[in-house]
Structures are given as C-alpha cells and as structure tokens.
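Coordinates in review
Here are the chains, one letter per residue:
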Amino acid sequence: MSRFLFVVPPLVGHINPTVSVAAELAGRGHRVAWAGLPRFVEELAGPEAEVYPCEIPGLLERPTELRGAAALQFLWQEFFVPLADAMAPGVEQAVREFGPDVIVSDQQTLAGALVAERLGIPYVTSSTTSAEFSDALDGMPKIGEWVASLVAELRDRIGDPARTHDPRFSPDLVLAFTTPELAGDGAYGDEVRFVGPALTRRPAGDFPWQWLDEDRATVLVSLGTANTDVGARFLAECAAAVRERGRRVQAVIADPGGVLTAESDTDVLVLPHIPQLALLERASAVISHAGHNTVAESLWHGVPLVVAPIRDDQPLVAAQVTAAGAGVRVRFGRSGRRQIGAALDAVLEETQYREAARAIGASFRAAGGAAAAATQLEKFAVDRR
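Parameters and conventions
Residues numbered from 1 in each chain as written. Predicted model: local features only at pLDDT ≥ 70, side-chain atom pairs only at ≥ 80, totals over all residues. Heavy atoms only, no water. Salt bridge = Lys/Arg side-chain N within 4 Å of Asp/Glu carboxyl O. Helix = DSSP H or I, 4+ residues; strand = E, 2+ residues; numbered from the N terminus. Buried < 20%, exposed > 50% of the residue type's maximum accessible area, 1.4 Å probe, protein only. Expected span 1.5 Å × (residues − 1). Core = buried A, V, L, I, M, F, W, Y, C linked by side-chain atoms within 4.5 Å. Contact = heavy atoms within 4.5 Å. Pairing = 2+ DSSP bridges. Axes fitted to C-alpha atoms, helices over the stretch in contact; angles between N-to-C directions. Arc of directions from axis to C-beta. Domains from an automatic or database assignment. Buried area = accessible area lost by both parts, 1.4 Å probe. Polar contact = N/O pair within 3.5 Å; in protein donor to acceptor, adjacent residues only side chain to side chain. Nonpolar A, V, L, I, M, F, W, Y, C, P; charged D, E, K, R; others polar. Phe/Tyr/Trp six-rings, centres within 6.5 Å; stacked < 30°, edge-to-face > 60°. Lys NZ or Arg CZ within 6 Å of the ring centre and 35° of its normal.

1. Considering the pattern of salt bridges
Evaluated as defined, the whole model comprises 19 salt bridges. The closest approach of N and O atoms between Glu117 and Arg155, which form a salt bridge, is 2.7 Å. Here Glu117, found in helix H4 (residues 110–119), pairs with Arg155, found in helix H5 (residues 141–158); they are 38 residues apart in sequence, far enough to count as distant. Across the pair, Arg155 and Glu117 agree in class, each one buried. Note that Asp345 and Arg245 form a salt bridge whose closest N and O atoms lie 2.8 Å from each other. Taken as a pair, Asp345 in helix H11 (residues 337–349) and Arg245 in the loop between helix H7 (232–243) and strand E9 (249–254) lie far apart in primary sequence, 100 residues in all. Summarising the burial analysis for this pair, Asp345 and Arg245 share the class buried. Three or more residues are tied together by salt bridges with common partners; here these are Glu244, Arg245, Arg248, Asp345 and Glu349.

Right, here's the structure in full:
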C-alpha cells in the first residue's frame, strides 16, 4: 500500500479528473488524501474524503476586458503566485500529518510541487488541461522572462532554491489527461504519460427528459461555472440561433448565473444546472467556451464543438480543437446569431467534424483514463521506494 496526497486548486475542472484517479487508487487498497479547500474537494470527492485544509486567497475577480499578455500577467500575479504562497503552509502540514509516499500536484497549485521538492517528497504533475502543452508565451519573450522571475522568487520562499526546472512539470512523471490526437504532435519529454480524460460519473439529477424531441438534433450550450459574469449576451445569441433552426434543432442551455431573461420554450430549455455527461450521450453538437473539461467530455462522446474561448487556457484549447478538425471557432465577444448559427450548421451537417471528434474520442478511451493514471502512480511509488 502507498499513500498519495493530491494537491488541488479551488477549481472544479482541475479536481474532477483527480477524483476518478483517487477512487481507482483507493479501490486498489492505497491510502488517498487531499490538500486544498475542503468544501470544493468534499463536494466532488464525497464527504468521507480525507482533506487537509489549505488557506485560499479570495475569489479571483478579473476585469472582463483583459486579453492576451495582460490576462496572462494578471493570472500569474493575482492567482498562481498568491495561491501558492497561501497554500504552502497547509500542504506542508498535510505532508507532516499524512506522510505521503507521493505528492500528486495540479499544475496550477505550485505549492504542491515546491513544498515536495523542499521536503524531498517525490512528486507527480497532474496536467488536467491539454493547453499546458501549447506554449502560451510563444512570441512573448519578455513575459516569459517575467514569469520565470516570479517562479524563482516563489521557489526561494517555499521551495528548494537549488532546483531550476519549471515546477509545473515534474521531471519524473507528468500525467496528461489528454492524448496527442487533441494536444498535437509536440516534442514531449519521456516523463509525459498520456492517460486521456478521467471522467467522473455524476448523478443525472432531476432533468425533464421528456422535453427532448428525438426527431431534432440536440445541442448542449455551456460556458462553464466561472464565466457567468460575461455570458449573458453570448447565451442569448445562441438561443436565438437555435430558435431560427427550431424545426430541426433544439438546445439545452446551462445558465448557472441566471443571466438569461428569455423563458424556456419548445426549442430552448434553460436550466441552472444540467446533467452534462448524460446529455452528451444524446447530443449532436456542443457550443462551449473551450473549457478543457467540457471539450474532453464532448470529444469522449464523439460530439463536435463550436468553441468560443473567453480567457485563460481556453484560446489554446480552442486552437487544438480546430487544428484536430473537431470543431469550429467563433469570436466570443463579437459573434451574433448569424455567425453562431453558421458554425452550428457546419458541425451538424458536415460529417468531417463528427468523424474527427469520434477519432479523438477513440484515442481517449484507448489511453485508459483513471485506471491508466492509477497504474502509472503505483509504478512511480514503487520505483521511488
């Protein structure tokens, strides 16, 4: 038996894949614990999860107009670095109390990697988004140098100053919850293991399945849970595009922030929460912000996408979707019902998009998901003893 400590940020999309891996490890007789924000972990992993609490900075409130280099700078300066500083004491306490053989650190929780290297604990990187394998700093050398200086200063405070590698990538093992069919044929190091998405089965809940018309194509529309502050206009335009095609298309729209004023009708169903995995089994297309979880779950089911990236890693994921031929990209801030509708027509009517989505889905399933990730972690723990 080995002990694995998962260090995770307060982000649903980063915790979800690790929940499946942790459950697989526990089922094989290993001991699993978490370092993070208890309410986030317990909501996803269950109230019985062993969670060591970490301090978390206040919720990130970003100016909606930030894009490109300015958005990257803001994310590093206002989220990644403060999160690492705040979490480091809790991670260290978790190590001392739980005594892990291996730390599994999310790429965005730098505290996990840096505390591990300072205390001499072997660590593995959990790369829950394929965007990390696209260099967001290409063409921005000054920003790259600035990020490197931030990481060096952070390492001086909470890590081992003698180390020089990028703490977002363990030099020993990186679990990539994607495949090259989506991430692209890059120059990946020997430490990278592509395990594909680790989907977490979630209860379907109370959904009016009788509303779905089997004679029409079902489109799922979701901007995730972190974009409710900017999504009203885009969701309204999506609804309008679907209603113009109401004889052959119907849409289920996730509206967790309650920003849509139009009521549901026979063409559009608006709900605060939707059973995404269950709906994807019946969906013909997805309109999304290119969040990695939604993209991965859609492609797992062979469903092509219309992607409208907003911020963070979303433009990189959107670029991977279109490069793989599994979707069409539209501009989130400027696209109206005409542009959204044209993109939707393309992924619904032109078969190459669905064929590409199915090919990526097949690669996901072949990679092994949570079981493959657990096997890699077991081997890593044995090799480091």
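2. Some details on H11
Because each turn of an α-helix spans 3.6 residues, side chains separated by three or four positions in sequence point in the same direction. Between its terminal C-alpha atoms H11 stretches 17 Å, which fits the 18 Å expected from 13 residues at 1.5 Å a residue. If you check which residues of H11 are buried, you get Ile340, Gly341, Ala343, Leu344, Asp345, Ala346 and Val347.

3. Topic: the nonpolar core
In terms of nonpolar packing, the biggest core is built from 34 residues, with Leu5, Trp76, Val91 and Ile103 touching the most fellow members. Ranked by residue count, the leading element in this core is helix H3 (residues 68–98), at 13 residues. The contacts of Leu5, once residues within four sequence positions are left out, are Ala33, Trp34, Ala35, Ala94, Val95, Phe98, Pro100, Val102, Ile103 and Val104.

4. Here we look at the sheet that holds strand E3 (residues 51–53)
The seven strands lie next to each other as E3-E2-E1-E4-E5-E6-E7, forming an open sheet whose pairing is parallel. The open sheet terminates on both sides in strands that have one partner only, identified here as E3 and strand E7 (192–194). This sheet shows a mean twist of 25 degrees between the axes of neighbouring strands, independent of strand direction. Pairing between strand E1 (residues 3–7) and strand E2 (residues 31–36): five bridges, direction parallel. Residue Val7 lies in a different strand from E2, and its bridge partner there is Ala35. Sitting on the sheet, helix H1 (residues 12–27) touches E1, E2, strand E4 (102–106) and strand E5 (123–127), and the angle it makes with E2 is about 160 degrees. Where helix H2 (residues 38–45) meets the sheet, its contacts fall on E2 and E3, and the angle it forms with E3 comes to roughly 165 degrees.

5. Describing helix H10 (residues 314–323)
Where H10 is concerned, the buried positions are Gln314, Val317, Ala318, Gln320 and Val321. Buried residues of H10, seen end-on, are gathered within an arc of 160 degrees and therefore sit on one face of the element. The inward-facing, buried residues of H10 contact helix H6 (180–183), helix H9 (292–300), strand E12 (305–307) and strand E13 (327–329). One or two residues past the end of H10 sits Gly325, with phi positive at roughly 80 degrees.

6. Section: unusual backbone geometry
The backbone of Ala290 shows a phi angle near 70 degrees, a positive value even though the residue is not glycine. Relative to the elements of secondary structure, Ala290 occurs in the loop between strand E11 (285–288) and H9.

7. Remarks on the domain arrangement of the protein
By a frequent convention, interface size equals the accessible area lost on bringing the separate parts together. Along its sequence, the protein is organised into domain 1 (3–196 + 368–384) and domain 2 (209–365). If you average the C-alpha positions of domain 1 and of domain 2, the two centres end up 28 Å apart. Buried surface at the junction of domain 1 and domain 2, both sides included, amounts to about 1700 Å², of which 53% is carbon and sulfur. Counting across the interface, domain 1 meets domain 2 through zero salt bridges. Taken together, the links from domain 1 to domain 2 amount to four residue pairs in polar contact (both at pLDDT 80 or more). Counting residues per element, the side of domain 1 that touches domain 2 draws most heavily on H1, which supplies four residues. For the side of domain 1 that touches domain 2, the per-class residue count stands at eight nonpolar, eleven polar and three charged.

8. Looking at the packing of aromatic side chains
By the definition in use, this model includes seven aromatic pairs. Each ring, one from Phe234 and one from Phe332, has its centre 5.1 Å from the other, and the planes form 35 degrees; the classification is tilted. Of this pair, Phe234 sits in helix H7 while Phe332 sits in the loop between E13 and H11, placing them 98 residues apart in sequence. In this structure Phe234 comes out as buried when scored by relative accessible area, which is 1%. Exposure remark for Phe332: the relative accessible area of 9% places this residue in the buried category. An aromatic cluster of at least three residues, connected via ring pairs, comprises Trp76, Phe79 and Phe80. Here the basic side chain of Arg3 rests over the ring of Phe98, its NZ or CZ set 5.2 Å away from the ring centre.

9. Considering the sheet that holds strand E8 (residues 217–222)
With parallel pairing, six strands are arranged side by side in an open sheet as E10-E9-E8-E11-E12-E13. If you trace the sheet from one side to the other, it starts and ends with strand E10 (268–271) and E13, each paired once. Strand-to-strand twist across the sheet, computed as the mean angle between neighbouring axes with direction ignored, equals 15 degrees. Across the sheet, H7 lies against E8, E9, E10 and E11, angled at about 160 degrees from E9, the strand it touches most. Its contacts with the sheet place H11 against E8, E9, E11, E12 and E13, and it is angled at close to 145 degrees to E11.

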